[in-house]
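Understanding the architecture of this molecule
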Amino acid sequence: MSLGFDLSVLEELTSNAKQIQDDVLTKILKANANTEYLSRFLEGSSDKELFKKNVPVVSYADVKPYIDRIANGEPSDILSGEPITAFILSSGTSSGNQKMFPRNNNFENIKFAAALSSLVISKHVHGYKQGKVMIFSFTQPLSTTPCGLPLAPATTILLKSKNYRSPAKNSTSPDEIILCTDAKQCMYCQLLCGLVHRDEVVSVGAPFASLLVQVIHFLGNYWKELCSNIRSGHVSEWITDLSCRDSVSMILGEPNLELADLIENECGQESWQGIISRLWPKTKCIEAIVTGTMAQYIPALEFYSNKLPLVSRTYASSEAFFGINVNPLSKPQHLSYTFLPNMSYFEFIDVDGDGEIVDLVNVKLGGYYEPLVTNYSGLHRCRVGDVLQVTGFYNNTPQFRFARRKNTVLSIYVEPTTEEDLLKALTSATVVLESSDLILTGFTCFGDVSTVPGHYVFYLELKAKVNNSTGDLLLDNKLLVECCCAMEESLTSIYRHFRAKDGFIGALEIRVVEQGTFDSLMEYYVVSRGSSISQYKTPICINSAEALEVLEEKVLARFLSDKSPPL
Ligand code: AMP
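Residues numbered from 1 in each chain as written. Predicted model: local features only at pLDDT ≥ 70, side-chain atom pairs only at ≥ 80, totals over all residues. Heavy atoms only, no water.

Comments concerning the overall build of the chain
Of the regular secondary structure elements, the chain holds 19 helices and 23 strands. In terms of overall size, the chain behaves like a compact globule, its C-alpha atoms giving a radius of gyration of 24 Å where 567 residues would be expected to give roughly 24 Å. Dimensions of the chain along its principal axes, counting C-alpha atoms only, are 75 × 70 × 45 Å. In the chain, which comprises 567 residues, the proportion classed as buried is 57%. (Helix = DSSP H or I, 4+ residues; strand = E, 2+ residues; numbered from the N terminus. Rg over C-alpha atoms; globule rule 2.2 N^0.38 Å. Buried < 20%, exposed > 50% of the residue type's maximum accessible area, 1.4 Å probe, protein only.)

Right under this line is the structure:
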């Protein structure tokens with residue numbers, strides 16, 4: 001399929017970022033100047049300087065009343081010149097609460113960004129275009145707003161939109177399977193298709209790393225049944241979604257004893273190290289976002305793939321599509337995203353300095369910024385809540401490292417521990433675990449103030465690299481206490497001060513949870529909170545009592561740091 005453009009577009013966009021951003025803002029202001037929202041500040045003008053002077057920087061809560069009015073049936077032009085045709089729900093797992101954003105049905109931008117990112121990958125990953133990709137995608141049932149407009153997570157709205165769907169000829173799973181809204185049937189059938197096509201698969205992935213790890217766990221539970229389906233040429237009876245069943249049956253074809261034996265042999269081995277490369281031997285890369293909170297899944301994915309390159313393709317949110325990774329083979333710790341100036345109008349608040357607001361092309365190398373989005377569907381100067389660091393420029397366009405969510409911090413006394421600090425502590429734990437037989441497959445934490453003094457609790461899900469005969473996890477007390485100490489050592493100097501000198505913070509605790517606990521946590525968010533599987537991000541820090549209960553029920557053992565960290 002011809003895309004109608006090649007990689008020279010990336011050069012053009014990034015070389016002319018300033019002009020393109022200017023044009024995007026002009027276009028948005030011309031379309032939206034007469035909306036109720038903007039005319040309060042601009043009185044119908046579409047002057048850019050006036051926009052910057054008069055239109056306030058807002059948070060979601062400030063625009064929510066306008067969004068709710070449209071959802072309840074008032075006309076779109078309260079906020080947007082273009083008709084609002086759907087509402088997308090943010091995952092709510094990184095920011096704590098779900099938000100609803102208006103959308104028009106122009107998906108050209110997102111289609112373009114996805115195609116551009118594929119071109120970049122094809123350039124860097126030899127043979128990528130010649131094979132099939134097995135990227136696990138999921139959709140949820142559409143609900144509707146009171147006025148009858150569709151409401152669903154962005155991935156669902158996109159995948160169901162006729163304007164967006166293009167036949168993904170190189171995907172192992174056909175649309176009928178991806179559009180099945182029963183997550184278990186959908187995952188099972190995607191795995192079955194992927195296994196049947198195993199010799200052609202060049203890339204294995206999911207939108208976020210957590211989901212891919214969950215797929216591997218699911219495979220761990222279902223490989224015998226999948227093999228039996230392949231052996232008999234008959235799909236399990238519990239696959240009841242008719243179009244899913246029809247299309248997977250067609251792909252399954254005749255009984256294939258040889259393939260079933262081969263998969264059984266690989267999955268039946270004691271260690272699942274390299275299972276992805278063993279089952280899909282031509283896989284060249286793992287496509288899944290491993291930045292931000294997803295960094296915790298890097299050891300597990302490296303283990304399952306025998307260290308294939310981990311490719312984080314894009315940085316996007318329900319508010320806007322921001323950028324793509326133009327060096328897809330760079331190591332996760334050096335990874336940055338190049339903003340695409342044609343997606344939305346972007347401004348940046350300097351979060352470490354005086355709160356100055358600058359344009360895309362005026363951010364400073366090394367600086368930390370929170371992006372503001374002005375988009376085509378009714379957001380104007382809206383805070384995203386992420387903190388990004390400028391790592392360089394591609395032509396004239398900045399590249400950003402994802403640093404953290406702005407508001408996700410842990411604090412027991414008055415120490416501000418950021419998401420980035422927690423991830424650093426996690427890396428220290430991973431280094432200690434590397435020498436052992438254990439790998440980390442899940443991580444989150446909370447501040448336990450029921451003890452005096454309060455202390456940090458880290459829930460870790462661990463898996464043995466090689467299964468022992470009993471299937472029990474052997475936990476070495478010395479090793480896990482060492483992990484606790486290493487984590488404390490890597491936390492901020494303020495934490496260490498309050499912990500060691502003043503005793504305002506108690507010893508850091510690791511609670512090891514049963515295998516599958518983080519799958520249950522995801523289920524809790526998806527089932528009871530309506531989050532989307534595709535967009536789910538394990539919360540790095542938890543403060544919901546119900547979510548903590550899910551974890552507490554599965555605690556196998558507890559370990560405490562046995563010494564104060566050095567100051
Ligand atoms: P949602 O709006 O629910 O899709 O969530 C969007 C949020 O997910 C962003 O604001 C980020 O916090 C996070 N996110 C998205 N893409 C990435 C990425 N590539 N790396 C790290 N975090 C990401």
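That was the structure; now back to the text.
Concerning the UniProt feature "domain: GH3 middle" (unreviewed entry) in the chain
Those residues carrying the UniProt feature "domain: GH3 middle" (unreviewed entry) are residues 337-405 in this numbering. Annotated as residues 337-405, this span is 0% helix and 57% strand, and its ends, taken at the C-alpha atoms, are 16 Å apart. (UniProt positions renumbered as here; feature names shortened; annotations may be inferred.)

A look at the site of the ligand
The local shell around the ligand holds 15 residues, among which Ser91, Thr291, Thr314, Ser318 and Asp386 are the closest. One of the side-chain nitrogen or oxygen atoms of Asp386 is found 2.7 Å away from an oxygen atom of the ligand. Residue Arg405 places a side-chain N or O atom 3.1 Å away from an oxygen atom belonging to the ligand. Looking at the shell around the ligand, the elements with two or more residues in it are β9 (314-316) and β17 (397-405). Ranked by the residues each element gives to the shell around the ligand, the list is headed by β9, at three residues. Counted by class, the shell around the ligand contains five nonpolar, seven polar and three charged residues. (Near = heavy atom within 4 Å. Polar contact = N/O pair within 3.5 Å; in protein donor to acceptor, adjacent residues only side chain to side chain. Nonpolar A, V, L, I, M, F, W, Y, C, P; charged D, E, K, R; others polar.)

Notes on helix α11 (residues 242-252)
Residues of α11 that are buried: Cys244, Arg245, Ser247, Val248 and Leu252. Here the buried face of α11 lies against α8 (175-178), α9 (183-196) and α10 (209-232). Just downstream of α11 lies Gly253, where phi reads positive at about 65°. (Contact = heavy atoms within 4.5 Å.)

Examining the pattern of salt bridges
Scanning the model with the defined rule gives 24 salt bridges in all. In this structure, the salt-bridge partner of Arg69 is Glu74, at a minimum N-O distance of 3.0 Å. For Arg69, a relative accessible area of 26% translates into the label partly exposed. In this structure, the salt-bridge partner of Arg558 is Glu552, at a minimum N-O distance of 3.4 Å. Given the relative accessible area of 29%, Glu552 is considered partly exposed. Connected through shared salt-bridge partners, Asp448, Glu509, Arg511, Glu552 and Arg558 make up one network. (Salt bridge = Lys/Arg side-chain N within 4 Å of Asp/Glu carboxyl O.)

Thoughts on the packing of aromatic side chains
Taken as a whole and assessed by the stated rule, the structure comprises 27 aromatic pairs. Residues Tyr188 and Tyr222 carry aromatic rings whose centres are separated by 6.0 Å and whose planes lie at 80° to one another, so their mutual orientation is edge-to-face. A residue pair is termed long-range when its members are at least 10 positions apart, and Tyr188 in helix α9 and Tyr222 in helix α10 qualify at 34 residues. Taken as a pair, Tyr188 and Tyr222 share a single burial class, namely buried. Pairing Phe446 with Tyr459 gives two aromatic rings, centres 6.1 Å apart and planes at 20°, and the pair type is stacked. Highlighted residues: Phe446 in strand β20 (residues 438-448) and Tyr459 in strand β21 (residues 455-464), separated in sequence by 13 residues. Summarising the burial analysis for this pair, Phe446 and Tyr459 share the class buried. (Phe/Tyr/Trp six-rings, centres within 6.5 Å; stacked < 30°, edge-to-face > 60°.)

So, the layout of surface pockets
The computed volume of the second largest pocket comes to approximately 1,100 Å³. As for the second largest pocket, its lining consists of 38 residues, and the residues nearest its centre are Ala295, Ile298, Pro299, Gln333 and Thr427. Looking at the lining of the second largest pocket, the elements with two or more residues in it are α14 (298-305), β17, α15 (419-434) and β20. No other element matches α15, which puts nine residues into the lining of the second largest pocket. Classifying every residue of the lining of the second largest pocket by side-chain character gives 21 nonpolar, nine polar and eight charged. (1 Å grid on protein atoms, 1.4 Å probe; cavity = no way out; pocket = protein on both sides within 12 Å on 5 of 7 lines; lining within 4 Å. Points joined across faces, edges and corners; volume = space filled by probe spheres on them.)

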